[in-house]
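Each chain is listed here by its residues.
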Amino acid sequence: MRETKLQLHYLLFVSIIFIFLCVVPPVKSSEVELEEEQDEYSWLNDEDGQVNMVQSHQSSKRKCQLSDGKWVYDQSYPLYDSSCPYLSAAVTCQKNGRPDSDYEKWRWKPNRCSIPRFDALKFLGKMRRKRIMLVGDSIMRNQWESLVCLVQGVIPTARKRVTYNGPSMAFHAMAFEVSIEFTWAPLLVELNKGAANKRILHLDLIEQNAKYWRGVDVLVFDSAHWWTHSDKTSSWDYYMEGKSLFTNMNPMVAYQKGLTTWAKWVDLNLDPSKTRVIFRSMSPRHNRENGWRCYNQKQPLANFSHQHVPEPLLVLQGVLRKMRFPVYLQDITTISAFRRDGHPSVYRRAMGQEEKQHLREYSSDCSHWCLPGVPDIWNEMLSALL
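First, a word on what this report is: a plain description of the structure on this page. This structure is a prediction, so every number in the text was calculated from the model and none was measured.

Note on sheets: strands pair through backbone hydrogen bonds, and any given pair is parallel or antiparallel. If you trace the four strands from one edge of the open sheet to the other, you get S8-S9-S11-S12, paired in mixed fashion. In the strand order of this sheet, the two ends are held by strand S8 (190–193) and strand S12 (244–246), each with one partner. Direction aside, the axes of adjacent strands within the sheet are offset by 30 degrees on average. Looking at chain direction, S8 and strand S9 (residues 199–202) are connected through four bridges and run antiparallel. Residue Lys193 lies in a different strand from S9, and its bridge partner there is Arg199.

Here's what the structure looks like:
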């Protein structure tokens, strides 16, 4: 009898161990040994949207902080050249006579992970039968041109085209049934003409722009530059909220109100099971004195004397935290701040020999980016997030 009891206890013990091993999965090495980077995709797990994500109700630890890293010179870049037919003349710096080209050969390397090199076929495969739309200002158009040039080289000429619809343009990869779209909405909310041709920025109206965003699978937004324009370069004469008209308002208060209108629209109109939403942070300008002017700059900045978080980014983070909809914040502000060398500067148009003798006399574009260049890295990050 004693032996029978011992046998029963032994069998029970073995059964418990067997059940435990079957039910409890092993710990993945990518989760505990991230620094070793054995798999370049290990930082982005299946439901690990916490990479640079700001969401209401939770604040998760990030396995990898994408904006913490350095620019690495890489001879294998760029991933396309300035002959891409979809580039605007203003960003084709090589065609416009820029004498150096090292600005095309830097890639961003986060400290604790790797961003996969952009693979056009993989990206189109992931996006098959989907629409991705980039919404914002001319710098978002800059990014759209980069993304189109990154994918178009693997598509036969007869299987790609561009169409236009109001403020939107779309690149179609027909074999994959993919459309990569850009929609002009630099303020997100509505800017309309009022009495006496006065321009009125409606802080609580958005449908005029938002009607183009419906039915899109992936939406990428940006909005900051136009909100920070000075009085002389402002695109409106009055602010309007409800029936109240304002001639003056703190720009960041106005930005917060406009973003809140956008956030409410997203919360009410989009389904997170059908639509991914990413908000790309503000692209930095390099038009200050003391080494920040972008003319004739040929190297990224090595470091900053102090880290500065721009006020528009703080406002954006505050709005996103209050949302129910999970919005992914793609922070390109920090990494791009190093790249004073990446702007068109005076090479935003082709110049004759006489003009080339007096380059310093021309104004520099230190806001947009040469292509190939910095926005290609933004799109590598975007592809990884998707």
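It is characteristic of soluble globular proteins that their nonpolar side chains tend to be buried jointly. Formed by 40 residues in total, the largest nonpolar core has its most connected members in Trp213, Phe221 and Trp262. Sorting the residues of this core by element identifies strand S4 (131–136), strand S10 (218–221), helix H6 (251–269), strand S13 (276–280), helix H7 (311–321) and strand S14 (327–330) as the ones contributing at least two each. Ranked by residue count, the leading element in this core is H6, at eight residues. Setting aside residues no more than four positions away along its own chain, Trp262 makes contact with Leu188, Ile206, Trp213, Phe221, Val277, Phe279, Leu320, Met323 and Val327.

Here, disulfide denotes a covalent bond that connects the sulfur atoms of two cysteines. This model, assessed by the stated rule, comprises three disulfides. In this model, Cys84 is linked to Cys149 through a disulfide, with the two sulfur atoms separated by 2.0 Å. Looking down the S-S bond of the Cys84 and Cys149 bridge, the torsion is -90 degrees, so its handedness is left-handed. Here Cys149 lies in helix H4 (residues 138–152) and Cys84 lies in the loop between strand S2 (69–73) and strand S3 (106–110), a separation of 65 residues in the sequence. For the pair shown, Cys84 and Cys149 are each scored as buried. With a sulfur-sulfur separation of 2.1 Å, Cys294 is cross-linked through a disulfide to Cys366. The S-S bond linking Cys294 to Cys366 shows a torsion near -85 degrees; that makes this disulfide left-handed. One end of the pair, Cys294, is in the loop between S13 and H7; the other, Cys366, is in the loop between helix H9 (353–356) and helix H10 (374–385), and 72 residues separate them in sequence. For Cys294, a relative accessible area of 2% translates into the label buried. Classification of Cys366 by relative accessible area gives buried; the value is 5%.

Cut-off values and rules
- Each chain has its residues counted from 1, running along the sequence as written.
- Local features in a predicted model are, by the rule used here, given only for residues with pLDDT of at least 70; side-chain atom pairs are given and counted only at 80 or more, and totals for whole chains, interfaces and linings are based on all residues.
- No hydrogens and no water enter the side-chain calculation; it runs on all heavy atoms of the structure.
- When DSSP finds two or more bridges between a pair of strands, those strands are recorded as paired.
- Think of it this way: any DSSP run of H or I at least four residues long counts as a helix, any run of E at least two long counts as a strand, and we number them from the N terminus.
- Angles here are taken between N-to-C directions and fall from 0 to 180 degrees, while the axes themselves are lines fitted to C-alpha atoms, restricted in helices to the stretch in contact.
- To qualify as a nonpolar core, a set must consist of buried Ala, Val, Leu, Ile, Met, Phe, Trp, Tyr and Cys residues joined through side-chain atoms within 4.5 Å.
- Exposure is judged per residue with a 1.4 Å probe applied to protein chains only, and the accessible area is read against the type maximum: over 50% gives exposed, under 20% gives buried, and values in between give partly exposed.
- Any pair of residues with heavy atoms lying within 4.5 Å of one another is described as a contacting pair.
- Cysteine sulfur atoms are paired as a disulfide whenever they come within 2.5 Å of each other.

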